[in-house]
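# Geometric and topological summary
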Amino acid sequence: MGACRRAEEGGELVQVEPRMLVDSHAHIQDKAFARDRDEVLQRAFAGGIDKIVCVGYDIASSEQTVALAETYPDLYAVVGVHPHDARTLDQRAQERLHQLGRHPKVVAIGEIGLDFYRDLSPRDTQRQAFVAQLAVARELGKPVVIHDRDAHQEVLEILRRERGGRNGGIMHCFSGGLPLALDLIKEGFHISFAGPLTFKNARRPVEVAAHLPLERILVETDCPYLAPEPFRGKRNEPLLVKEVARKLAEIRRKPLEEIAYLTARNTRQVLALP
Ligand SMILES: [Zn+2]
Ligand SMILES: [Zn+2]
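None of the values given here were measured: they were computed from a predicted structure. Counting restarts for each chain: residues are numbered from 1 in the order of the written sequence. Here every chain gets a letter starting at A, and every ligand a number starting at 1, in the order they are written. Local features in this predicted model are restricted to residues whose pLDDT is 70 or higher, and side-chain atom pairs enter the listing and the counts only when it is 80 or higher, whereas totals over whole chains, interfaces and linings include all residues. Where side-chain values are given, they derive from all heavy atoms of the structure, hydrogens and water being excluded.

## Examining the coordination of the zinc ion (ligand 2)
- Distances from the zinc ion (ligand 2) to its protein donors, namely His 25 (NE2), His 27 (NE2), Glu 111 (OE) and Asp 222 (OD), fall within the range 2.1 to 2.3 Å.
- Coordination at the zinc ion (ligand 2) is irregular, judged from the four donor atoms that bind it and the angles of 86 to 176° they form at the metal.
- Read N to C, the donor residues that coordinate the zinc ion (ligand 2) are spaced as H-x1-H-x83-E-x110-D.
- Donor atoms: N, O and S within 2.8 Å of the metal, or within 3.2 Å for Na, K and Ca. Because water is excluded, sites can look incomplete. Separating the zinc ion (ligand 2) from the zinc ion (ligand 1) is a distance of 3.5 Å, and Glu 111 supplies a donor atom to each of them. One end of the pair, His 25, is in strand β1 (residues 21-26); the other, Asp 222, is in the loop between β8 (217-219) and α9 (241-252), and 197 residues separate them in sequence. Residues His 25 and Asp 222 agree in their burial class; the two are buried. The rule is simple: four donors are tetrahedral if all their angles sit between 85 and 135 degrees, four are square planar and six octahedral if opposite donors span more than 155 degrees and the others lie between 65 and 115, and anything that fits none of that is irregular. Strands here are runs of E lasting at least two residues and helices are runs of H or I lasting at least four, both read from the DSSP assignment and numbered beginning at the N terminus. Partly exposed describes any residue whose relative accessible area lies between the buried limit of under 20% and the exposed limit of over 50%, with all areas from a 1.4 Å probe on protein chains only and scaled to the type maximum.

Structure representation (structure tokens):
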């Protein structure tokens, strides 16, 4: 706690080293880490990141994340097909997902959902893939990790209709408003914030983060994308989840260590991590 007090008094937040942050959403299998993946992970674990949740976006990347989880004890896997790749979720892919989902280090199905911003798969295909994967999670009794871009109302309707939150779940990189966040919490979801919370023009995420119950908030990097300030525009990595937590601490006027502890505990609870 000494470090916290120093941070509050001197404004030297940079010196605080919380030991137990969890990055609840990272894409370590991405080719952006092809050359230095092990270094990036060692840097995170040495720098205060306790656990990393590595998320797939298609079958190949889901297989890679399971392989990484087998290699690194503190890395956990989430497997699923992203709405961008919804058209690749055929019968065979769905069976493979089922198989992967039974692996002991697979903690959730994701990232799944709807992306009406980029529309890289037809919307109807996205809806079908989303519902089909919610069913996989239900059959496996696992939580879900949801991607929602410009499809807030429909994502909420589908989650309600399919009871998508029955085993818990995470709305990752949340970009909606406070009423939606509160509705999702009612459906059993946790709300995760990424780098955009730290951006200078961030207004909505800051407002949401200010008002949600702290026991429902998580932090993530979504690396290699969305690097937080002051690293915006660069390649992101799990160590930088600290910057998101730092911003959340500032918004909630709490010591960084407390925010680190709470968000890590929340992630452990929703994903049943040890
Ligand atoms: Zn996403
Ligand atoms: Zn992601």
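Picking up after the structure, the text goes on.
## Quick word on the state of the cysteines
- Cysteine sulfur pairs qualify as disulfides if the two atoms are within 2.5 Å. This model, assessed by the stated rule, comprises zero disulfides.
- Note on Cys 173: no disulfide assigned, nearest cysteine sulfur contributed by Cys 223 at a separation of 12 Å.
- On the basis of relative accessibility, which here comes to 18%, the residue Cys 173 falls in the buried class.
- Between Cys 223, a cysteine without a disulfide, and Cys 54, which holds the nearest cysteine sulfur, the sulfur-to-sulfur distance is 7.9 Å.

## Considering the coordination of the zinc ion (ligand 1)
- Looking at the zinc ion (ligand 1), one finds its protein donor set to be Glu 111 (OE), His 147 (ND1) and His 172 (NE2), positioned 2.0 to 2.1 Å from the metal centre.
- One chain supplies every donor to the zinc ion (ligand 1), and in sequence these donors are spaced E-x35-H-x24-H.

Purely spatial values, then, with no claim about function.
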